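Overview (structure and organization)
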Amino acid sequence: EYEVSRWNSPGFDPQRPFLDDDHPDWKKDPKISTDLSRYIEIHSELENTWKVLTSGPNGEFTRGENGLLMCQRVDLWCA
């Protein structure tokens, strides 16, 4: 639903690179905000979920991510 709702406003891509530089007030545009209301809602929930996942008190997510990267480096070095 997220990917489908992204294209509800014809000719407009909310994930286009440099969108905020080219069209900073796109969320305030009545037509675009109406067309993409479900996309904006889902995107907001995803951002909030990501913030919760990465905001551990001791940086657990970052340490886990770095540990995984180190394992991949060792695997490549040993291959």
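All values derive from a computational prediction rather than experimental measurement.

**What to know about unusual backbone geometry**
Unusually for a residue other than glycine, F18 sits at a positive phi of about 60°. Tracing the sequence through the fold places F18 in the loop between α1 (2–5) and α2 (19–22).

**Side note on the pattern of salt bridges**
Counted according to the given criterion, the structure contains five salt bridges. A salt bridge links D35 to K31; its shortest N-O distance comes to 2.7 Å. Of this pair, D35 and K31 both sit in helix α3 (residues 30–35), four residues apart, which is roughly one turn of the helix. The network of salt bridges with shared partners includes E1, R38 and E41.

**Let's talk about the confidence of the model for the protein chain**
In the predicted model, the protein chain carries a mean pLDDT of 89, and 92% of its residues have values of at least 70. Averaged over each element, pLDDT in the protein chain is lowest for helix α5 (residues 60–78) (81) and highest for helix α4 (residues 37–54) (94).

**A look at the side chain of D13**
Looking at where D13 falls in the secondary structure, it is placed in the loop between α1 and α2. Relative accessible area serves as the criterion here: at 17%, D13 is assigned to the buried category. At 2.8 Å, the side chain of D13 forms a polar contact with the side chain of R6. Once residues within four sequence positions are removed from consideration, D13 is found in contact with R6, W7 and L19.

Conventions we followed
Residues numbered from 1 in each chain as written. Predicted model: local features only at pLDDT ≥ 70, side-chain atom pairs only at ≥ 80, totals over all residues. Heavy atoms only, no water. Helix = DSSP H or I, 4+ residues; strand = E, 2+ residues; numbered from the N terminus. Salt bridge = Lys/Arg side-chain N within 4 Å of Asp/Glu carboxyl O. pLDDT = per-residue confidence, 0-100. Buried < 20%, exposed > 50% of the residue type's maximum accessible area, 1.4 Å probe, protein only. Polar contact = N/O pair within 3.5 Å; in protein donor to acceptor, adjacent residues only side chain to side chain. Contact = heavy atoms within 4.5 Å.

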